[in-house]
Amino acid sequence: MSIDQLLFLSNELCNPSWQREMRLPLEFITFAHIKGKMYKHFRNNGSFVLESKKKWGNDVVYGGIFLLKDFDFYIRILDAYQLCSLSSLYRNHKLDIHHRITIDATPISFSTIDEFERLKYKEREAVRVQTYVGNPNHPKIKQRLSKTVSYRIIDGIDKPHFRELIREVIGYD
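For clarity, every value in this text was computed on a predicted model and none was experimentally measured. (Residues numbered from 1 in each chain as written. Predicted model: local features only at pLDDT ≥ 70, side-chain atom pairs only at ≥ 80, totals over all residues. Heavy atoms only, no water.)

Asks: Got a sec to walk through the side chain of aspartate 158? Specific residues and values, please.
Replies: Residue placement: aspartate 158 occurs in the loop between strand 9 (152–153) and helix 6 (159–170). Among the polar contacts listed, one links the side chain of aspartate 158 to the side chain of serine 47, at a separation of 2.8 Å. What aspartate 158 contacts, discounting residues up to four positions off in sequence, is Ser10, Asn11, Glu12, Met38 and Ser47. (Helix = DSSP H or I, 4+ residues; strand = E, 2+ residues; numbered from the N terminus. Polar contact = N/O pair within 3.5 Å; in protein donor to acceptor, adjacent residues only side chain to side chain. Contact = heavy atoms within 4.5 Å.)

In C-alpha cells form, the structure reads like this:
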C-alpha cells in the first residue's frame, strides 16, 4: 500500500451511501481530523474545507481516512466530481473550485458517539494523506468568505454525512 492511496474526506464523499452510489472502491481506515475550517458551499450544496491561516476559533475539521483502491483510475473520477484538474493537468489550476493537496491528518479513535461528542477520543501519530480543499482564489469561494452572513460550519463536521459514516462503522443510531 503506497501512502498516496490514502484520502481524507469530510464532505458528502465520506458518506458510505454516496460512495456506493458513485461506485467508488473506498475502504474506511479510521476517523481523523485535519487543521482547517469548514464552510457551506454556494447554494448550500455540500461543504468545503479551507486551510487555516489565522489561529482563531475552531480550526479542526473531522472526517475519515479512506484507502482508495486503483488510485490512478478512481482519482480522476473524484477530481472531476470535486472540479479539480490535478489528475489531468498534473497541477492545480487557478480556476478550479477545489485543489487536491497532501496534508497531515491525525487519526482518532473512540468507542461511542458520546466519547466523540465530549472530545474524549484518542489521537495517534499524524499520517500524510491527500484531501480536497477549497481554492481561495475561486470567485464562488471568495464570495463565501467575504459575506457578512457567516457560512462557516463552526464545529468542523458535515453532520448528516459524518453521522452516516459513524452509523456504518460503529453501528450507532
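Asks: Mind laying out the sheet that holds strand 4 (residues 47–50), listing which residues take part and the relevant values?
Replies: On the basis of which strands lie adjacent, the open sheet formed by three strands has the order 4-3-9 and antiparallel pairing. Each edge of the open sheet is held by one strand with a lone partner, namely strand 4 and strand 9. Pairing geometry for strand 3 (residues 37–40) and strand 4, over four bridges, is antiparallel. Bridging from a neighbouring strand, lysine 40 pairs with serine 47 of strand 4. Running over the sheet, helix 5 (residues 139–146) touches strand 3 and strand 4 and is turned about 80 degrees from strand 4. (Pairing = 2+ DSSP bridges. Axes fitted to C-alpha atoms, helices over the stretch in contact; angles between N-to-C directions.)

Asks: Outline empty space enclosed by the protein, listing residues and values.
Replies: To find the voids left in a structure, one rolls a probe of water-molecule size over its atoms. Tallied over the full model, the rule gives one cavity of 30 Å³ or more. Estimates place the volume of the largest cavity at around 80 Å³. Lining the largest cavity are 13 residues; nearest its centre among them are Ser10, Asn11, Val49, Gln82 and Tyr132. At the level of elements, strand 1 (6–9), strand 4 and strand 8 (127–134) are the ones that each hand at least two residues to the lining of the largest cavity. Within the lining of the largest cavity, the residues separate by chemical class into six nonpolar, seven polar and no charged. (1 Å grid on protein atoms, 1.4 Å probe; cavity = no way out; pocket = protein on both sides within 12 Å on 5 of 7 lines; lining within 4 Å. Points joined across faces, edges and corners; volume = space filled by probe spheres on them. Nonpolar A, V, L, I, M, F, W, Y, C, P; charged D, E, K, R; others polar.)

Asks: Please set out the nonpolar core residue by residue, giving values where relevant.
Replies: Core analysis: the largest hydrophobic core is formed by 27 residues, its most contacted members being Tyr62, Leu68, Leu78 and Phe116. Within the residue set of this core, elements represented by two or more residues are strand 1, strand 2 (26–35), strand 5 (60–68), helix 2 (71–81), helix 4 (113–117) and helix 6. Apart from the residues within four sequence positions on either side, leucine 68 is in contact with Gln5, Leu7, Pro25, Leu26, Tyr74, Ile75 and Leu78. If you look at the next biggest cluster of nonpolar residues, it comprises 15 residues, including Ala32, Ile34, Ile101 and Val129. (Core = buried A, V, L, I, M, F, W, Y, C linked by side-chain atoms within 4.5 Å. Buried < 20%, exposed > 50% of the residue type's maximum accessible area, 1.4 Å probe, protein only.)

Asks: Give a description of the packing of aromatic side chains that names residues and reports values.
Replies: Given two aromatic rings, one states the distance between the centres and the angle between the planes to describe the pair. For the coordinates displayed, the defined rule picks out 12 aromatic pairs. An angle of 40 degrees between the planes, with centres 5.4 Å apart, marks the rings of phenylalanine 116 and phenylalanine 162 as tilted. Highlighted residues: phenylalanine 116 in helix 4 and phenylalanine 162 in helix 6, separated in sequence by 46 residues. Of the two residues, phenylalanine 116 and phenylalanine 162, neither departs from the other in class, the shared state being buried. (Phe/Tyr/Trp six-rings, centres within 6.5 Å; stacked < 30°, edge-to-face > 60°.)

Asks: Can you lay out the pattern of salt bridges for me, pointing to particular residues and giving the numbers?
Replies: Pairs may arise between side chains of opposite charge once their charged atoms sit close together. According to the stated counting rule, one finds seven salt bridges in the structure shown. Residues arginine 128 and aspartate 104 are paired through a salt bridge, measuring 3.1 Å at the closest nitrogen-oxygen approach. With a gap of 24 residues between them, arginine 128 in strand 8 and aspartate 104 in strand 6 (residues 98–109) connect regions that are remote in the sequence. Classification of arginine 128 as partly exposed rests on a relative accessible area of 42%. A salt bridge links glutamate 164 to arginine 167; its shortest N-O distance comes to 2.8 Å. You can see glutamate 164 and its partner arginine 167 sitting in helix 6, three residues apart, about one turn around the helix. (Salt bridge = Lys/Arg side-chain N within 4 Å of Asp/Glu carboxyl O.)

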